[in-house]
Amino acid sequence: YVLEVGGFYMAFYFASSPVPVLELAANAGYKYVHVVLMVVSRVLLGGSSIYYLFFLYFAACAAWSTQRFMSHLEPSQLRQQYGVPASRLTTHIIMAMAVAQVPICWLLTPYSA
């Protein structure tokens, strides 16, 4: 979690689009609701193939919510003052953050052989 937030904080910093750390931490934390639902479905369904459908659905929900909330962040005061839109690099970083939620969710769910 700390590595994820720190890595994306640095990415936004290098893209000249600083995002507050608490905003990143809050948006990165939304996936834990979906991970809890994945774990509950894993406990109830075991290792059946239906679990993987639930996993794909909840991982897609985590990615979508991250992308949605990060896309609607308030621009910095300097960008807002001069009417400068977010750069394409910023939108690519937001998309990378959303896509990264799927493997992170996979790593956070329990594995039973």
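The coordinates are above.
What comes next is a walk through the structure. Note that the structure is predicted; figures quoted are calculated from it, not measured.

Helix and strand content of the protein chain: seven helices and zero strands. Ordered by position in the sequence, the α and β elements of the protein chain form the string α-α-α-α-α-α-α. Counting every position in the protein chain, which comprises 113 residues, the buried fraction comes to 32%. The contacts of the protein chain with a sequence gap of at least 6 include a subset with a gap of at least 24, amounting to 74%. Only carbon and sulfur atoms are counted for the fraction: they give 71% of the accessible area of the protein chain, which is about 7400 Å².

Moving on, we come to the packing of aromatic side chains. Going through the model one piece at a time under the given rule, you end up with nine aromatic pairs. Look at Tyr51 and Phe55: their rings are 6.5 Å apart centre to centre, the planes differ by 45°, and that puts the pair in the tilted class. Within this pair, Tyr51 and its partner Phe55 are both found in helix H4 (residues 49-71), separated by four residues, close to a single helical turn. Given a relative accessible area of 1%, Tyr51 falls into the buried group.

Right, let's talk about the pattern of salt bridges for a bit. A complete count under the given rule lists one salt bridge for this structure. The residue Glu4 makes a salt bridge to Lys31 at a minimum N-O spacing of 2.8 Å. Separated by 27 residues along the polypeptide, Glu4 in helix H1 (residues 2-14) and Lys31 in helix H3 (residues 31-45) bring together distant segments of the chain. For the residue pair Glu4 and Lys31, the accessibility class agrees, reading buried in each case.

On to the packing of H4 against helix H7 (residues 101-108), then. The interhelical angle for the contact between H4 and H7, taken along N-to-C directions, is 130°, at an axis separation of 9 Å. Taken together, H4 and H7 sit at an angle that is classed as oblique. Considering how the two elements wind past one another, H4 and H7 form a crossing that is right-handed. Between H4 and H7, the contacting residues are Tyr52, Phe55, Ala59, Ala62, Ala63 and Thr66 on the first element and Gln101, Val102, Cys105 and Trp106 on the second. Split by residue class, the contact of H4 with H7 holds eight nonpolar, two polar and no charged.

Within the largest apolar cluster, 13 residues are counted, with the highest numbers of intra-cluster contacts made by Val5, Phe8, Phe12, Leu24, Met70, Ile93 and Met97. Filtering out sequence-adjacent residues up to four positions away, Phe8 remains in contact with Leu24, Ile93, Ala96, Met97 and Ala100. Ranked by size, the runner-up nonpolar core spans eight residues in total, among them Val35, Met38, Phe55 and Cys105.

A separate point is H3. End to end, H3 covers 21 Å across 15 residues, agreeing with the expected 21 Å (1.5 Å per residue, within 8%). If you check which residues of H3 are buried, you get Lys31, His34, Val35, Met38, Ser41 and Arg42. With its buried residues spanning 120° around the axis, H3 presents them on a single face. Turned more than 90 degrees from where H3 packs its buried face, Val33, Val43 and Leu44 sit exposed. Buried residues in H3 make contact with H1, helix H2 (21-29), H4 and H7. Phi for Gly46, located one or two positions after H3, is positive at around 70°.

About the criteria used
- Residues numbered from 1 in each chain as written.
- Predicted model: local features only at pLDDT ≥ 70, side-chain atom pairs only at ≥ 80, totals over all residues.
- Heavy atoms only, no water.
- Helix = DSSP H or I, 4+ residues; strand = E, 2+ residues; numbered from the N terminus.
- Buried < 20%, exposed > 50% of the residue type's maximum accessible area, 1.4 Å probe, protein only.
- Contact = heavy atoms within 4.5 Å.
- Areas by Shrake-Rupley, 256 points an atom, 1.4 Å probe, with all protein chains shown as cover.
- Phe/Tyr/Trp six-rings, centres within 6.5 Å; stacked < 30°, edge-to-face > 60°.
- Salt bridge = Lys/Arg side-chain N within 4 Å of Asp/Glu carboxyl O.
- Axes fitted to C-alpha atoms, helices over the stretch in contact; angles between N-to-C directions.
- Parallel < 35°, antiparallel > 145°, perpendicular 65-115°, else oblique.
- Left-handed = near helix turned anticlockwise from the far one by under 90°.
- Nonpolar A, V, L, I, M, F, W, Y, C, P; charged D, E, K, R; others polar.
- Core = buried A, V, L, I, M, F, W, Y, C linked by side-chain atoms within 4.5 Å.
- Expected span 1.5 Å × (residues − 1).
- Arc of directions from axis to C-beta.

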